[in-house]
Amino acid sequence: MRYDAALKYVYALERRGIKLELDSLGRGLGRLGHPERHLRFVHVAGTNGKGSVSAMVASCLRAAGFRTGLFTSPHLHRWVERIQINGRPLSKTAAAAAISEVAEAFDAPRAPVLSFFETTFAAALVAFRNAETDIVVLETGLGGRLDATNVVVPEVSVITGVALDHQRYLGPTLARIALEKAGILKRGVPAISGVRDRSARAVVRTEAKRRRCPLKELDSDFGADGIADLWCGAHTLTDVELGLPGEHQHSNAALAYATLLELRAHGFDVPDRAIRHGLRAVRWPCRLEWLEGRPRVLLDAAHNPEGARALAKYLGEHRAPGPVVMLFGASGDKDTNSMVRALKPRADAMIFVEPPIAHSKDAGALASRHGGERAHSVRDALARARRRAGAKGTIVVAGSIFLVGAVRAMLLGLPEDPPIRM
């Protein structure tokens, strides 16, 4: 298959929806020679922060000289961004080859039926094996226990934190969501947890004990002091520079540090200088990402109430120049009332728009409820925001990663594959 045909094949699987089960993929990977058994992993779950922590860990491993894979979702602009090797998205040639191998294996008679996400993950495993990666940093897609990525046995399991999100799939309470996230824990495999909520933390502890996982917890076994010092047990790393802005990234850096020290104990030579360089060099688009211009634009994929509060805190501590115009849109299943309540006090004007994906929250209803303008498209919203902000103002884009990604592509003139939730 050529790349365009391969991508068309993968996207056609969207109609199969979201599958939360491991049997199909687990049975089917044998048809590919079990690529997951030839790879080593760091497995990362969590409501917020899992992408940033994954990017930090991968950056530090690259700095230490390891050939590193990184699997994340969804993509911002192009499908190949989901599968990165040594910090670069998979080439179209390698992507087409991996998808073709998966298609041949699973289009055969009596083969398990895979979803879009399962097929994408299977292709990632094939690509990482073909590239002979030393280690893969693997971000879960949804939840953990029944997420397709949970077919692997990692060197370290990481749970960044727990917040209310995707309750339809993961449960209505923090404790129930924590149980789903803790489903990635494997017997005897060390676990790193950034969970702070008391009820959720108790669940993670119980599950770690049940699986006999050595557990390290944020604020008790490791943490961040101030804005520049990391510690884990007797180890310290002082005067650390972070490439990702925002106070919440200090805790994420502490999680990455604890994870890397665990890998060091498992034979991965990751010296302090590599950790310093990796944390300083890491970049993760649309996480408090500034684009210079007139007006300036701040992009942040604050897609749930906790993310919105973190963005609001950042805006409160870093006053943006000129009028601040908030461009907001969200998926239909999000708690937009809580999100807008957190963000609106930091904006001089609100513009609501529907992200370019199905089942988005109605922008007209949001504008009526919260006060503000309704835009009819992302391009219209950006034009309105520019007029409102003026050359010396600031546009803040938040709410949905699909909205933020679409605005970023427009501003930077980037090519895009269709957005997809999975």
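Now for a description of the structure that goes with this document. Because the structure is a prediction, the values reported are computed rather than measured. (Residues numbered from 1 in each chain as written. Predicted model: local features only at pLDDT ≥ 70, side-chain atom pairs only at ≥ 80, totals over all residues. Heavy atoms only, no water.)

**Some words on unusual backbone geometry**
In most cases, non-glycine residues show a negative phi, while peptide bonds are predominantly trans. Cis geometry is found at the peptide bond from S73 to P74, where omega equals -10°. By secondary structure assignment, the location of P74 is in the loop between β2 (68–71) and β3 (83–85). Omega for the peptide link from R294 to P295 comes to 5°, which places this bond in the cis form. Following the sequence through the fold, P295 ends up in the loop between β12 (289–291) and β13 (296–299). Phi is positive for R212, which is not a glycine, with a value near 55°. With respect to the secondary-structure elements, R212 resides in the loop between α8 (198–210) and β8 (215–217). (Helix = DSSP H or I, 4+ residues; strand = E, 2+ residues; numbered from the N terminus.)

**Observations regarding the packing of aromatic side chains**
For the structure on display, the rule yields five aromatic pairs. Sitting above the plane of the W290 ring, R296 keeps its charged end 4.0 Å from the centroid. (Phe/Tyr/Trp six-rings, centres within 6.5 Å; stacked < 30°, edge-to-face > 60°. Lys NZ or Arg CZ within 6 Å of the ring centre and 35° of its normal.)

**As for the packing of helix α3 (residues 50–63) against helix α10 (residues 272–281)**
A pair of packed helices is captured by two measures, namely the crossing angle of their axes and the spacing between those axes. Interaxial distance between α3 and α10 falls to 7 Å at its minimum, and their mutual angle equals 130°. Taken as axis vectors, α3 and α10 run oblique relative to one another. Every pair of crossing elements has a handedness; the one defined by α3 and α10 is right-handed. Of the residues in α10, those in contact with M56, S59, C60 and A63 of α3 are A274, I275, H277, G278, L279 and A281. For the contact of α3 with α10, the per-class residue count stands at seven nonpolar, three polar and no charged. (Axes fitted to C-alpha atoms, helices over the stretch in contact; angles between N-to-C directions. Parallel < 35°, antiparallel > 145°, perpendicular 65-115°, else oblique. Left-handed = near helix turned anticlockwise from the far one by under 90°. Contact = heavy atoms within 4.5 Å. Nonpolar A, V, L, I, M, F, W, Y, C, P; charged D, E, K, R; others polar.)

**Considering the nonpolar core**
Residues L32, F71, W79, I83, F121 and F128 are the most contacted members of the largest nonpolar core, which totals 43 residues. When residues of this core are traced back to their parent elements, those giving at least two are α1 (3–11), β3, α4 (92–106), α5 (116–130) and β5 (135–139). With ten residues, the top contributor of residues to this core is α5. In contact with F128, not counting residues within four places along its chain, are L39, G69, L70, F71, I83, Q84, I85, T133 and V136. V44, L237, V240 and V282 belong to the second largest nonpolar core, which has 39 residues in total. (Core = buried A, V, L, I, M, F, W, Y, C linked by side-chain atoms within 4.5 Å. Buried < 20%, exposed > 50% of the residue type's maximum accessible area, 1.4 Å probe, protein only.)

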